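Below, each chain spelled out in residue letters.
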Amino acid sequence: MRLFLAQFRRELLIALRSGTDAASPLVFFVLATVLLGLGAGGALGLGVIWVLALFANVLAVEGVFRRDHDDGTLEQLLIHARPLFPTIVGKLCAHWMLSGVPVAMLSPGAAWMLTGATAGAGILVLTLTMGTLALTLLGAIGAALTVATGRGGLLVAILVLPFYVPVLIFGANASTAAMQGAPTAFPILALAALLAGCLTAAPFAVGKALAISQEY
Amino acid sequence: MIGLYLVGGMLIATGSIWGLGFVPPERLQGNSVRILFIHAPAAHLAEAIYVTIAIAGFVFLVWRMKMADMLIQAAAPIGLVVTVVALATGIIWGIPTWGTGWVWDARTVSTLLLAFLFFGLVALRQAIGRPERASRAIALLALVGVVNIPIIKYSVEWFTTLHQPPSIEIGKRPAIAPVFLWPLAVNVLGFYCFVAGVVIAALRARIVEREAGAQWVRDWVRAS
């Protein structure tokens, strides 16, 4: 827990002090919402909010290890004899606090802009908050695999977007059902189950991928 | 290897001629059912190749056998081609029978995502460049992928049972009559043999490529 908190604090501090980097995912999300509204012109479902959040997520998570890789911090983390698990979870949670959570908080506004509906806003925020954490954990696997190649970007998107599908399905389903007043318990619980699975399994895969990437 | 090509080619020829020429038209779908003899083997094979790759990935990560990595390298592009064949024939078959080439059901979506997974395996290897590091990253990616395939499949299945009228399943999975089953079985076997031959040929090319500096390769090149 101490390792988790230390890493979490460190990442948040770095992100906040480096200025606009921290706000980029959120700005991208808003900008994409505007473009979608202009291009498609209303009459959209809540599913598109999920797709936008997903794209914002994959664009943000792609570089989550880049800075640490460039200045050698990553290598130092890996050669410590301490367990890697809390460090990785702390790092990714901090990343999620700055990319996923703000997007989730702003999503009812985006939903209102695109669909004109405000029903189900609470469910949308709840599912996006859970969903973006699961996405960040999954996406970090792709980011870790490609960090040493110096070319993430599209490659990370291609690698991890197929894995995002279950989260998208349950999240979009819960949001749409909430907007229509249908029962939402099952998709929300399924999403929570996915999150629990990601939270326990993905950090190991990330750790393994980072170890592979740092072995020259 | 030549034997596998021959056996596979003969079986595919037998099964296809049997299926296309001698099987009676199906009661509901008419002649369009004949694409089954290409579509089903390709779809089966696509998943089988991915499972093979994942097992090879596990073998490589645990025991560091170079052969397992070369198998992944050889099989991934072939798997991509087979998956595309399965998707294309599925779309062609879907247009006359379902009235639409594409439906968002579990099988079609998971097969399409399988194509992206194969593509990712190929793309990641090219991006990393250095073979020894690429091999471990790809083995890990293959393992992560194989954990995800059932999750993707079941999530889409649940999603579609809620949203799609089951009528679309008409004729999709009937209990197949023996008259269709036999040529299909022959073709499945033929596809397996033929693709195994192609994978082994590609694997041999990889082995020679990686061991290019070794003495036995030089001797072999000189002898042949």
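The model shown is predicted, which means the values in this text are computed figures rather than measured ones. (Residues numbered from 1 in each chain as written. Chains lettered and ligands numbered in written order. Predicted model: local features only at pLDDT ≥ 70, side-chain atom pairs only at ≥ 80, totals over all residues.)

Asker: What's the story with the overall build of chain B in this structure? I'm lost.
Answerer: When its secondary structure is counted, chain B shows seven helices and zero strands. The helix and strand sequence of chain B, counted from the amino end, reads α-α-α-α-α-α-α. Across its three principal directions, the C-alpha atoms of chain B cover 60 × 40 × 25 Å. Burial statistics for chain B: of 224 residues in total, 36% are counted as buried. Considering only contacts within chain B whose residues lie at least 6 apart along the sequence, 79% involve residues at least 24 apart. (Helix = DSSP H or I, 4+ residues; strand = E, 2+ residues; numbered from the N terminus. Buried ≥ 20, exposed ≤ 12 C-beta atoms within 10 Å, placed from the backbone. Contact = placed C-beta atoms within 7 Å.)

Asker: When you look at the overall build of chain A in this model, what are you seeing that I'm missing?
Answerer: Assigned secondary structure in chain A consists of nine helices and zero strands. Written out in order from the N terminus, the α and β elements of chain A read α-α-α-α-α-α-α-α-α. Over its C-alpha trace chain A gives a radius of gyration of 17 Å, about what one expects of a compact globule, namely 17 Å for 216 residues. The C-alpha extent of chain A, read off along each of the three principal axes, is 50 × 35 × 30 Å. Per-residue burial over chain A gives 49% buried out of 216 residues. (Rg over C-alpha atoms; globule rule 2.2 N^0.38 Å.)

Asker: How should the interface of chain B and chain A be read in this particular structure?
Answerer: Opposite the 21 residues of chain B that make contact, chain A presents 20 residues. When its residues are assigned to classes, the side of chain B that touches chain A shows 16 nonpolar, three polar and two charged. (Nonpolar A, V, L, I, M, F, W, Y, C, P; charged D, E, K, R; others polar.)

Asker: What am I meant to see in the environment of I123 of chain A here?
Answerer: Residue and element names in this part refer to chain A. Its location among the elements puts I123 in helix α7 (residues 121–146). Along the chain, I123 and M179 lie 56 residues apart, while their C-alpha atoms are 8.6 Å from each other. Setting aside residues no more than four positions away along its own chain, I123 makes contact with A174, S175, A178 and T184.

Asker: Explanation requested: the environment of E132 of chain B in the structure shown.
Answerer: Residues and elements named next belong to chain B. Of note, E132 is situated in helix α5 (residues 131–163). Accessibility expressed as a C-beta count within 10 Å gives 11 for E132, which makes it exposed. For the pair formed by E132 and D69, sequence separation is 63 residues and the distance between their alpha carbons is 9.4 Å.

Asker: I'm lost on the confidence of the model for chain A in this one. Help?
Answerer: Note that predicted coordinates carrying low pLDDT should not be read in detail. Scored by pLDDT, chain A has a mean of 87; 98% of the residues are at 70 or more. Averaged pLDDT values over the elements of chain A bottom out at 84 in helix α1 (residues 2–17) of chain A and peak at 93 in α7 of chain A. (pLDDT = per-residue confidence, 0-100.)

Asker: I keep staring at the confidence of the model for chain B and nothing clicks. Help me out?
Answerer: Looking at chain B as a whole, the pLDDT averages 84, with 92% of positions reaching at least 70. The model gives residues 162–170 of chain B a pLDDT under 50, and that stretch makes four contacts with residues more than four places away or in other chains.

Asker: What exactly am I supposed to notice about helix α6 (residues 178–210) of chain B here?
Answerer: An α-helical turn contains 3.6 residues, so a residue and the one three or four places further along point in the same direction. Residues and elements named next belong to chain B. Compared with the 48 Å implied by 1.5 Å per residue over 33 residues, the 47 Å span of α6 between its first and last C-alpha is a close match. Taken residue by residue, α6 has P183, L184, V186, N187, G190, F191, C193, F194 and V195 as its buried positions. Where the residues of α6 are buried, they touch α1 (2–22), α2 (36–63) and α3 (66–97). (Expected span 1.5 Å × (residues − 1).)

Asker: Please explain the nonpolar core as it appears in this structure.
Answerer: Soluble globular proteins tend to bury their nonpolar side chains together. The biggest cluster of nonpolar side chains holds 125 residues, and the ones touching the most others in it are I141 of chain A together with I72 of chain B. Ranked by residues supplied to this core, first place goes to helix α8 (residues 154–180) of chain A with 16 residues. Contacts of I141 of chain A, omitting those with residues within four sequence positions, involve V160, A202, A205, V206 and A209 of chain A together with V144 of chain B. (Core = buried A, V, L, I, M, F, W, Y, C linked by C-beta atoms within 7 Å.)

Asker: Would you take a moment to explain unusual backbone geometry for this structure?
Answerer: Outside of glycine, negative phi angles account for most residues, and trans bonds account for most peptide bonds. All names here are of chain B. For R64, which is not glycine, the phi torsion reads 55 degrees and is therefore positive. Here R64 lies in the loop between α2 and α3. Residue class for R64 comes out exposed when judged on the 12 C-beta atoms lying within 10 Å of it.

Asker: Whenever I open this one, the packing of helix α3 (residues 47–61) of chain A against helix α6 (residues 85–115) of chain A confuses me. Can you help?
Answerer: What describes two packed helices is the angle between their axes and the distance between those same axes. Residues and elements named next belong to chain A. Where α3 contacts α6, the two axes come as close as 10 Å, and the packing angle between them is 155 degrees. The angle between the axes of α3 and α6 places the two elements in the roughly antiparallel class. Two packed elements cross with a definite hand, and for α3 against α6 that hand is right-handed. On α6, the residues that touch V48, I49, A53, A56, N57, A60 and V61 of α3 are H95, S99, G100, V103, S107, A110, A111 and L114. (Axes fitted to C-alpha atoms, helices over the stretch in contact; angles between N-to-C directions. Parallel < 35°, antiparallel > 145°, perpendicular 65-115°, else oblique. Left-handed = near helix turned anticlockwise from the far one by under 90°.)

Asker: Where do I start with the packing of α3 of chain B against helix α4 (residues 106–128) of chain B in this structure?
Answerer: Residue and element names in this part refer to chain B. Direction vectors running N to C along α3 and α4 enclose 150 degrees, while the axes themselves pass 9 Å from each other. Regarding the angle of α3 to α4, the classification is roughly antiparallel. The way α3 lies across α4 gives a crossing that is left-handed. The segment α3 lies against α4, with I72, Q73, A76, P77, G79, L80, T83, V84, A86, L87 and G90 engaging T108, T111, L112, L114, A115, F118, F119, L121, V122 and R125.

Asker: Explanation requested: the environment of S135 of chain B in the structure shown.
Answerer: All names here are of chain B. Structurally, S135 is set in helix α5. The class for S135 is buried, based on 23 C-beta atoms found within 10 Å. Dropping the residues within four chain positions of it, S135 is found in contact with F60 and D69.

Asker: Looking at this model, I keep getting lost on helix α2 (residues 24–40) of chain A. Mind explaining?
Answerer: All names here are of chain A. Look at α2: 24 Å from first C-alpha to last across 17 residues, which is about the 24 Å you get at 1.5 Å a residue. Of the residues making up α2, those classed as buried are P25, F29 and T33. Considered in projection along α2, the buried side chains sweep an arc of 85 degrees and stay on one side of the axis. Away from its buried face by more than 90 degrees, α2 exposes V27, L31, L35, L38 and G39. On its buried side, α2 packs onto α3 and α6. (Arc of directions from axis to C-beta.)

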